[in-house]
Amino acid sequence: MTQFVKAVLFDLDGTLIDTAADFVRIIGKMSLENDWQAPPEAEIREQVSAGASAMVQLMLRHNNQLEVSEEALLEFRHQFLDDYEADICVDSCVFQALEAVLTELEAKGVPWGIVTNKPRYLAEKLLSEMQLDQRCAVLVCPDDVSRTKPDPEPMYMALEKLGIPRGAAGCVIYVGDHVRDIEAGNAAGMPTILAAYGYIPPEDQKSLKKWGADYITDTPEQLNKLLLSSGKFEYL
């Protein structure tokens with residue numbers, strides 16, 4: 001059965017944009033400054049979706065810094081975010097094969113947007129640096145809502161900004177790499193696609209089918225094919 005689509009929404013980190021390399025670089029810099037060993041890149045990538053605190057805590061655990069005070073932890077987190085904001089787009093890039101998706105959607109006149117748990121000041125700067133800010137039809141961040149994903153409120157706000165009634169949410173696809181993304185999209189009545197190539201810890205890999213996504217894609221290329229050439233979606 002073909003699904004008619006009015007818009008496509010993406011999570012940001014780990015779904016549309018591969019930002020992990022910049023986080024790896026910053027954790028490496030902070031580790032070096034403290035004469036510590038940086039955690040393996042793969043382990044840092046797995047913590048990206050959990051946020052700055054999780055990546056900092058990984059660095060501390062990796063170096064047996066298990067008795068750090070809350071104040072010191074907060075200082076490390078602030079340093080991490082300051083360093084990230086200063087050099088937010090050194091190595092980040094749109095996932096391979098997804099630039100073609102954005103270009104094709106734009107050619108069809110179908111708006112695409114982002115619903116993310118990344119703070120707005122960072123999301124806006126990243127999109128600007130990548131020259132995606134003028135192409136993105138809607139950006140919804142935690143700053144914009146009272147309840148973040150997995151609550152559907154951010155999804156409803158995106159619909160409102162796109163001028164699409166909630167009753168037509170079934171015509172808006174949401175793509176994400178975290179269980180909260182799938183839960184939020186499902187709660188809003190949107191078809192959901194799990195980007196299983198994203199920043200997913202090993203302990204979650206075996207439970208992906210239980211998240212309830214309508215589709216699971218293991219690579220950006222699979223997502224490209226599903227959206228553009230599978231015949232499952234027709235764009236209005």
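You'll find the structure just up there.
In this text, all values refer to a predicted model and were calculated from it rather than measured experimentally.

**Points about the environment of Glu203**
Within the secondary structure, Glu203 is located in helix H9 (residues 202-205). Judged by relative accessible area, Glu203 falls into the exposed class, the value being 61%. C-alpha separation for the pair Glu203 and Val8, spaced 195 residues apart in sequence, amounts to 29 Å.

**Regarding the packing of aromatic side chains**
Applying the stated criterion across every chain, the model contains five aromatic pairs. Geometrically, the ring pair formed by Phe23 and Phe80 is stacked, given 5.9 Å between the ring centres and 15° between the ring planes. One end of the pair, Phe23, is in helix H1 (residues 20-33); the other, Phe80, is in helix H4 (residues 70-86), and 57 residues separate them in sequence. On the basis of relative accessibility, which here comes to 5%, the residue Phe23 falls in the buried class. Judged by relative accessible area, Phe80 falls into the buried class, the value being 1%. Geometry around Tyr156 places Arg166 over its ring, the cationic atom sitting 3.8 Å from the centre.

**Side note on the nonpolar core**
With 56 residues, the main nonpolar core has Leu16, Ile17, Phe80 and Trp112 as its most contacted residues. Counting residues in hydrophobic clusters, the runner-up holds 18 residues, among them Met157, Leu159, Val172 and Tyr174.

**A short note on helix H3 (residues 52-62)**
Listed in full, the buried residues belonging to H3 are Ala52, Ala54, Met55, Val56, Leu58, Met59 and Leu60. Buried residues in H3 make contact with H1, helix H2 (41-47) and H4. Asn64 sits one or two residues past H3 and shows a positive phi near 60°.

**What about H4?**
For H4, with 17 residues, the first-to-last C-alpha span of 24 Å sits near the 24 Å given by 1.5 Å per residue. When we look at burial in H4, the residues that qualify are Leu73, Phe76, Phe80, Leu81, Asp83 and Tyr84. For H4, the angular spread of buried residues about the axis comes to 165°, placing them on one side. The outward face of H4, more than 90 degrees from its buried face, is lined by the exposed residues Glu71, Glu75 and Ala86.

**Some points on the sheet that holds strand E8 (residues 192-195)**
If you walk across this open sheet you meet the six strands as E6-E5-E2-E7-E8-E9, and the pairing is parallel. Strands at the two margins of the open sheet, each flanked by one partner only, are strand E6 (138-140) and strand E9 (215-217). The average undirected angle you get between the axes of adjacent strands in this sheet is 20°. Of the strand pairs in this sheet, strand E5 (residues 112-115) and E6 are connected by three bridges, and their pairing is parallel. Looking at the pairing, Gly113 lines up with Val138 of E6. Taken strand by strand, helix H8 (residues 179-188) contacts strand E7 (172-176) and E8, and its axis lies near 175° from that of E8.

Calculation criteria
- Residues numbered from 1 in each chain as written.
- Predicted model: local features only at pLDDT ≥ 70, side-chain atom pairs only at ≥ 80, totals over all residues.
- Heavy atoms only, no water.
- Helix = DSSP H or I, 4+ residues; strand = E, 2+ residues; numbered from the N terminus.
- Buried < 20%, exposed > 50% of the residue type's maximum accessible area, 1.4 Å probe, protein only.
- Phe/Tyr/Trp six-rings, centres within 6.5 Å; stacked < 30°, edge-to-face > 60°.
- Lys NZ or Arg CZ within 6 Å of the ring centre and 35° of its normal.
- Core = buried A, V, L, I, M, F, W, Y, C linked by side-chain atoms within 4.5 Å.
- Contact = heavy atoms within 4.5 Å.
- Expected span 1.5 Å × (residues − 1).
- Arc of directions from axis to C-beta.
- Pairing = 2+ DSSP bridges.
- Axes fitted to C-alpha atoms, helices over the stretch in contact; angles between N-to-C directions.

Don't take any of this as a statement about function, it's just geometry.
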